[in-house]
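Fold and geometry: a report
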Amino acid sequence: MSLAGIFLDRDGTLISHVDYLHNPEEVFPLQGIAETLRALREAGYLLFLFTNQSGVGREFFQMEAVHACNSRMLELMKLSPDIFADVCIATERPDQPQIYRKPSPRFILESIEKFDLSLEKSCVVGDSWSDVEAGLNAGILSALVETGNPVDDDLRLKAAEHQVSVHSDLTAMVVEKLDLR
Ligand SMILES: [Mg+2]
């Protein structure tokens with residue numbers, strides 16, 4: 001039986017959104033998320049960190065800063081790096097050719113192939129439309145969380161039109177959509 005993968009946006013989904021985050025001191029995990037990630041792993045889900053970091057492409061900061069922030073997130077959450085089966089940091093600027101940058105589904109499609117993931121059970125979770133669009137482009141379930149970008153009425157309508165569910169946070173999504181308690 002194929003495993004299910006959960007593709008997780010970072011900023012506004014796992015940690016508080018900070019514009020062009022590059023200082024590990026500004027990493028603040030969202031409440032309850034570490035426990036939820038552990039519960040997902042225990043339930044057999046493979047977790048993927050999938051983050052757009054155009055600040056690297058724009059030369060606002062270096063890739064090392066992204067790694068330092070990711071490490072700080074794991075340290076504060078008391079999680080080991082192997083909580084993630086794989087990590088994709090998409091560094092393209094919006095005006096550059098898009099390879100991995102969401103809404104490109106490339107990382108998701110490659111991971112589905114590499115880890116033999118179930119298309120029906122895998123899911124993308126993020127706070128931006130580009131996150132869910134990557135999931136829609138890959139043909140997997142997509143969910144929006146309200147812990148980052150505000151989900152206004154227009155976005156809620158767009159979500160409904162595309163069968164994208166909206167949840168207060170990742171923990172609520174796991175309970176409401178994956179039926180994991
Ligand atoms: Mg985000």
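Below or above, wherever it landed, is the structure these notes cover. (Residues numbered from 1 in each chain as written. Predicted model: local features only at pLDDT ≥ 70, side-chain atom pairs only at ≥ 80, totals over all residues.)

Quick look at the pairing of strand E2 (residues 46–52)
For the record, the criterion: Here exposure depends only on C-beta density: within 10 Å of a residue's C-beta, 20 or more other C-beta atoms make it buried, 12 or fewer make it exposed, and intermediate numbers make it partly exposed, the C-beta atoms being placed from the backbone. Numbered from the N terminus, helices here are DSSP runs of H or I no shorter than four residues, and strands are runs of E no shorter than two. Paired strands, as defined in this entry, are two strands with at least two bridges between them according to DSSP. Clockwise travel from the first strand over the helix to the second, with the strands pointing away from the viewer, marks a crossover as right-handed.
Burial of E2 is extensive: five of the seven residues sit out of reach of the surface. Of the pairings in the sheet, the one linking strand E1 (residues 5–8) to E2 comprises four bridges and is parallel in character. Bridged to Gly 5 within E2 is Leu 46. Following the chain from E1 across helix H1 (residues 33–42) to the adjacent parallel E2, one finds a crossover that is right-handed. With five bridges joining them, E2 and strand E3 (residues 86–90) adopt parallel strand pairing. By the bridge assignment, Thr 51 is partnered in E3 with Ile 89.

Notes on the pairing of E1
On E1, burial covers both faces: Gly 5 and Phe 7 on one face and Ile 6 and Leu 8 on the other are all buried. In terms of strand pairing, E1 meets strand E4 (residues 123–126) through three bridges, oriented parallel. Paired with Ile 6 across the strands is Cys 123, a residue of E4.

What about the sheet that holds E4?
The line we're drawing: The axes are straight lines fitted to the C-alpha atoms, using for helices just the contacting stretch, and the angles between their N-to-C directions are given from 0 to 180°. Contact between two residues is assigned when their C-beta atoms, built from the backbone, lie within 7 Å.
Ordered by their spatial adjacency, six strands build an open sheet running E3-E2-E1-E4-E5-E6, and the pairing between neighbours is parallel. For this open sheet the edge positions go to E3 and strand E6 (165–167), each flanked by a neighbour on one side alone. Across the sheet, the mean angle separating the axes of adjacent strands is 20° when strand polarity is ignored. Bridge count for E4 against strand E5 (residues 141–145) is four bridges, and the pairing is parallel. Along E5, the bridge assignment pairs Val 124 with Ser 142. Contacting E1, E2, E4 and E5, helix H5 (residues 129–138) runs over the sheet at an angle of about 170° to E4.

Digging into the environment of Val 124
With respect to the helices and strands, the residue Val 124 is situated in strand E4. As for Val 124 and Glu 110, which are separated by 14 residues in sequence, their C-alpha atoms are 14 Å apart. When sequence neighbours within four positions are dropped, the list of residues in contact with Val 124 reads Phe 7, Ile 108, Asp 131, Val 132, Ala 134, Gly 135, Ile 140 and Ser 142.

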